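Coordinate analysis (summary)
If you want the building blocks of each chain, they are given just below.
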Amino acid sequence: MLSAVRTLALFFTAFAIAVLGPSLPAQAEEELLRGPHPFIKDSEVTLHAGYSAGFGDNVRGLRVQGDYLYRLQQSVWLDIQMAVIAGSCHSDPSICSSGGGTAVDIAAGAVWKFQTNLPIVPYVKVDAGPLFLFPQDSRSAAGILFRGGLGAHYYLFDWFGVGAEVSGAGGVAFYGVAGHDTSGVGDVAATVGVALQF
């Protein structure tokens with residue numbers, strides 16, 4: 001259950017080190033940002049972790065989320081997101097007989113970032129994509145999830161920021177179990193993490 005979360009976290013950490021590692025020593029000598037974020041880079045990777053309160057038949061528990069963003073315009077970014085949630089699930093024996101499980105959601109959409117007079121970049125996002133539910137000792141399910149969120153990152157440098165995000169999602173899962181073919185799913189999630197631009 002937690003191995004999937006650890007694997008995702010290790011993947012994003014390794015990716016960030018591989019992409020940004022060679023340039024970190026030079027960037028570490030830069031002064032801290034004191035004014036608006038300059039938006040001089042076109043790509044960003046974020047890694048967030050926190051808690052997801054699942055509704056319906058969705059999993060509730062630890063959420064680890066990674067995003068890749070690509071700037072399309074000054075304030076509009078393409079967002080590709082993957083998250084793994086590990087924890088408890090619905091108590092219906094036909095859906096989640098052991099009470100635990102894992103969920104994976106993959107989504108794509110857009111993020112709107114707003115420049116301020118400080119190195120704080122607030123944003124709103126809208127994503128949609130497939131959801132996969134893996135309850136222990138029960139039939140897996142797939143569905144579709146629509147997610148909206150808002151958050152902010154405080155950039156210490158033009159390439160590195162820390163921040164938080166709150167999001168909510170709703171959708172439907174398809175089980176193919178007699179008497180429980182489909183189910184409404186959703187969650188409210190709160191996470192904290194880092195942003196790396198390159």
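Just so it is clear, the model here is predicted, and its values are computed rather than measured.

**Quick look at the environment of Asn 117**
When you line up the elements, Asn 117 lands in the loop between strand S4 (100-113) and strand S5 (120-135). Through-space distance from the C-alpha of Asn 117 to that of His 37 is 8.2 Å; in sequence the pair is 80 residues apart. Once residues lying within four places of it in the same chain are set aside, the contact partners of Asn 117 are Arg 34, Gly 35 and Pro 36.

**What about the nonpolar core?**
Formed by Val 59, Ile 85, Cys 89, Ala 103, Leu 131, Leu 133, Ala 141, Leu 145, Ala 169, Ala 173, Tyr 175 and Val 185, the largest nonpolar core amounts to 12 residues. Those elements giving two or more residues to this core turn out to be S5, strand S6 (141-157) and strand S7 (160-177). Of the residues forming this core, the biggest block, three residues, is contributed by S7. Beyond its immediate sequence surroundings of up to four residues, Ala 169 is in contact with Leu 145, Phe 146, Arg 147, Val 185, Gly 186 and Asp 187. Membership of the second largest hydrophobic core comes to nine residues, among which are Leu 33, Phe 39, Leu 69 and Trp 77.

**Topic: the pairing of S4**
Within S4, 10 of the 14 residues are buried, leaving the element largely enclosed by the surrounding structure. The pairing of strand S3 (residues 76-88) with S4 spans 13 bridges and is antiparallel. Across the sheet, residue Ser 88 finds its bridge partner in S4, namely Gly 100. Pairing analysis gives 11 bridges linking S4 to S5, with the strands arranged antiparallel. Within the sheet, the bridge partner assigned to Ala 103 lies in S5 and is Leu 133. Where S4 folds back onto S5 in an antiparallel hairpin, the turn is made up of six residues.

**What about the pattern of salt bridges?**
The final tally for this structure, using the stated rule, is nine salt bridges. Salt-bridge contacts for Lys 41 lead to Asp 158; the nearest nitrogen and oxygen are separated by 2.6 Å. Pair noted here: Lys 41 is in the loop between helix H2 (24-28) and strand S1 (43-56) and Asp 158 is in the loop between S6 and S7, with a separation of 117 residues, a long-range link. Exposure class is identical for Lys 41 and Asp 158. Each is buried.

**Examining the packing of aromatic side chains**
One pass over the full model with this rule turns up two aromatic pairs. On the numbers, 5.6 Å between centres and 10° between planes, the contact of Phe 157 with Trp 159 is stacked. Centroid distance Trp 159 to Phe 160: 5.8 Å. Interplanar angle 50°. Geometry classified as tilted. For Trp 159, a relative accessible area of 8% translates into the label buried. Three or more aromatic residues joined by ring pairs form one cluster here, namely Phe 157, Trp 159 and Phe 160. The positively charged end of Lys 113 is found above the aromatic ring belonging to Trp 77, 4.3 Å away from the centroid.

**So, empty space enclosed by the protein**
This structure, assessed with the given rule, holds three cavities of 30 Å³ or more. Its volume calculated, the largest cavity comes out at about 80 Å³. Together, Glu 44, Thr 46, His 48, Gln 65, Asp 67, Leu 69, Val 111, Lys 113, Tyr 123, Lys 125, His 153 and Glu 165 line the largest cavity. Those elements giving two or more residues to the lining of the largest cavity turn out to be S1, strand S2 (60-71), S4 and S5. Taken together, the residues that form the lining of the largest cavity break down as three nonpolar, four polar and five charged.

Reading the values: the criteria
- Residues numbered from 1 in each chain as written.
- Predicted model: local features only at pLDDT ≥ 70, side-chain atom pairs only at ≥ 80, totals over all residues.
- Heavy atoms only, no water.
- Helix = DSSP H or I, 4+ residues; strand = E, 2+ residues; numbered from the N terminus.
- Contact = heavy atoms within 4.5 Å.
- Core = buried A, V, L, I, M, F, W, Y, C linked by side-chain atoms within 4.5 Å.
- Buried < 20%, exposed > 50% of the residue type's maximum accessible area, 1.4 Å probe, protein only.
- Pairing = 2+ DSSP bridges.
- Salt bridge = Lys/Arg side-chain N within 4 Å of Asp/Glu carboxyl O.
- Phe/Tyr/Trp six-rings, centres within 6.5 Å; stacked < 30°, edge-to-face > 60°.
- Lys NZ or Arg CZ within 6 Å of the ring centre and 35° of its normal.
- 1 Å grid on protein atoms, 1.4 Å probe; cavity = no way out; pocket = protein on both sides within 12 Å on 5 of 7 lines; lining within 4 Å.
- Points joined across faces, edges and corners; volume = space filled by probe spheres on them.
- Nonpolar A, V, L, I, M, F, W, Y, C, P; charged D, E, K, R; others polar.

What is shown is where atoms sit, not what they do.
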